[in-house]
Amino acid sequence: MPHLRRFAISLLSDTNAADDLVQDCISRALSKLDQFRDGSNMRAWLFTILHNLHVEQGRRRNRAAAEIVSISGDERQNAAAPTQEVGLTVRDLYRALDELDDEHRQIILMIGVGELSYKQTAEILGIPVGTVMSRLARGRERLRILMAQGAKPALRRVK
């Protein structure tokens, strides 16, 4: 449950909506328990259900399938350690994640936040492991570039 909740929060950036998504996931899993194959990975199955529910809800709202909703600055500050530098880094990370393509963001969050393996991520998304690896590499590189750009202060000349 904690892994599902963390992944849902990373997808939605809203704890209430994430809790609802996890509850829907557990409800669907219990109602479809007869479809679970013995010997398969329960965690990956639950992540698949959570991912599919998130995509379905996004489609219903006429948005992109994996759009992350921005959270307010107050919530970001509360989520970070009480030092300014760490808070600014976390803010820059959220902004950089918001700028990534959905396919790269999802994989980074599944592997980085959800602590899933490449194989589990590939199964959940229905793509080959090699695609997961290449998207992760491209996503991390793009994230590095975005974070480096965020580190440069925007200065303007005052006369």
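Cut-offs used in this document
- Residues numbered from 1 in each chain as written.
- Predicted model: local features only at pLDDT ≥ 70, side-chain atom pairs only at ≥ 80, totals over all residues.
- Heavy atoms only, no water.
- Helix = DSSP H or I, 4+ residues; strand = E, 2+ residues; numbered from the N terminus.
- Buried < 20%, exposed > 50% of the residue type's maximum accessible area, 1.4 Å probe, protein only.
- Contact = heavy atoms within 4.5 Å.
- Areas by Shrake-Rupley, 256 points an atom, 1.4 Å probe, with all protein chains shown as cover.
- Core = buried A, V, L, I, M, F, W, Y, C linked by side-chain atoms within 4.5 Å.
- Phe/Tyr/Trp six-rings, centres within 6.5 Å; stacked < 30°, edge-to-face > 60°.

A.B. asks: I keep staring at the overall build of the protein and nothing clicks. Help me out?
C.D. replies: In terms of helices and strands, the protein carries 8 helices and 0 strands. Shown N-terminal to C-terminal, the secondary structure of the protein runs as helices and strands in the order α-α-α-α-α-α-α-α. Looking at the 159 residues of the protein, the share that counts as buried comes to 36%. For the protein, long-range pairs separated by at least 24 residues make up 59% of all intrachain contacts whose partners lie at least 6 apart in sequence. Accessible surface for the protein amounts to roughly 10100 Å². Of this, 51% is attributable to carbon and sulfur atoms.

A.B. asks: For this particular structure, what's the right way to read the environment of G114?
C.D. replies: The residue G114 is located in the loop between helix 6 (102–112) and helix 7 (118–125) in this model. What makes G114 buried here is its relative accessible area of 0%. Residues G114 and R5, spaced 109 residues apart in sequence, show a C-alpha to C-alpha distance of 9.0 Å. Excluding residues that lie within four positions of it along the chain, G114 makes contacts with H3, R43, F47 and L109.

A.B. asks: Teacher, can you tell me more about the nonpolar core here?
C.D. replies: If you look at the biggest cluster of nonpolar residues, it comprises 34 residues, and the most contacted ones within it are L4, F7, C25, L50 and I107. At the level of elements, helix 1 (2–12), helix 2 (15–31), helix 3 (42–60), helix 5 (84–99), helix 6, helix 7 and helix 8 (129–151) are the ones that each hand at least two residues to this core. The element best represented in this core is helix 3, accounting for 6 residues. Ignoring any residue separated from it by four or fewer positions in sequence, one finds L50 in contact with L4, F7, A8, L21, V22 and C25.

A.B. asks: Explain the packing of aromatic side chains here, please?
C.D. replies: Any aromatic ring pair is given by two values, namely how distant the centres are and how the planes are angled relative to each other. Counted by the stated rule, this structure contains 2 aromatic pairs. Note on F7 and F47: the rings are 5.4 Å apart at their centroids and 45 degrees apart in plane angle, and the pair reads as tilted. Linking F7 in helix 1 with F47 in helix 3, this pair joins segments that are 40 residues apart in sequence. Accessibility expressed as a relative area gives 0% for F7, which makes it buried. Classification of F47 as buried rests on a relative accessible area of 1%. Consider the rings of F36 and W45, whose centres lie 5.1 Å apart with planes at 55 degrees: the pair is tilted. For the pair F36 and W45, a shared accessibility class is recorded, and that class is buried.

A.B. asks: Looking at this model, I keep getting lost on the side chain of R135. Mind explaining?
C.D. replies: Along the polypeptide, R135 turns up in helix 8. Excluding residues that lie within four positions of it along the chain, R135 makes contacts with E103, H104, I107 and I127.

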